[in-house]
Amino acid sequence: MARPPTSHHEGCGFLDAEAQLAKYRAVLDHMTSCALDPTESRNFIHNLIRKA
């Protein structure tokens, strides 16, 4: 019997049930879609530094 894919992430140990992996992937996809791209991130950080 084949073992399902397994993912490890900080704080929650291992995920190996397909439903858990699907939920985790959905959360990561959402976080990725909300994140700034590298240039926007750099500009955001530089603006924070200038305001400090």
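Right above here is the structure, for reference.
1. Here we look at the overall build of the protein chain
Counting secondary structure elements, the protein chain contains two helices and two strands. Reading the helices (α) and strands (β) of the protein chain from amino to carboxyl end gives β-β-α-α. By the burial criterion, 8% of the 52 residues in the protein chain qualify as buried. When the accessible surface of the protein chain is split by element, carbon and sulfur atoms take 61% of a total near 4,600 Å².

2. With respect to a nonpolar patch on the surface
Taken together, Leu36, Phe44, Ile45, Leu48 and Ile49 make up a surface patch of nonpolar side chains, about 490 Å² in accessible area. Inspection of the secondary structure puts Leu48 in helix α2 (residues 38-51).

Calculation rules
- Residues numbered from 1 in each chain as written.
- Predicted model: local features only at pLDDT ≥ 70, side-chain atom pairs only at ≥ 80, totals over all residues.
- Heavy atoms only, no water.
- Helix = DSSP H or I, 4+ residues; strand = E, 2+ residues; numbered from the N terminus.
- Buried < 20%, exposed > 50% of the residue type's maximum accessible area, 1.4 Å probe, protein only.
- Areas by Shrake-Rupley, 256 points an atom, 1.4 Å probe, with all protein chains shown as cover.
- Patch = residues over 30% accessible without salt bridge, like charges linked within 9 Å, V, L, I, M, F, W, Y side chains within 5 Å.
- Salt bridge = Lys/Arg side-chain N within 4 Å of Asp/Glu carboxyl O.

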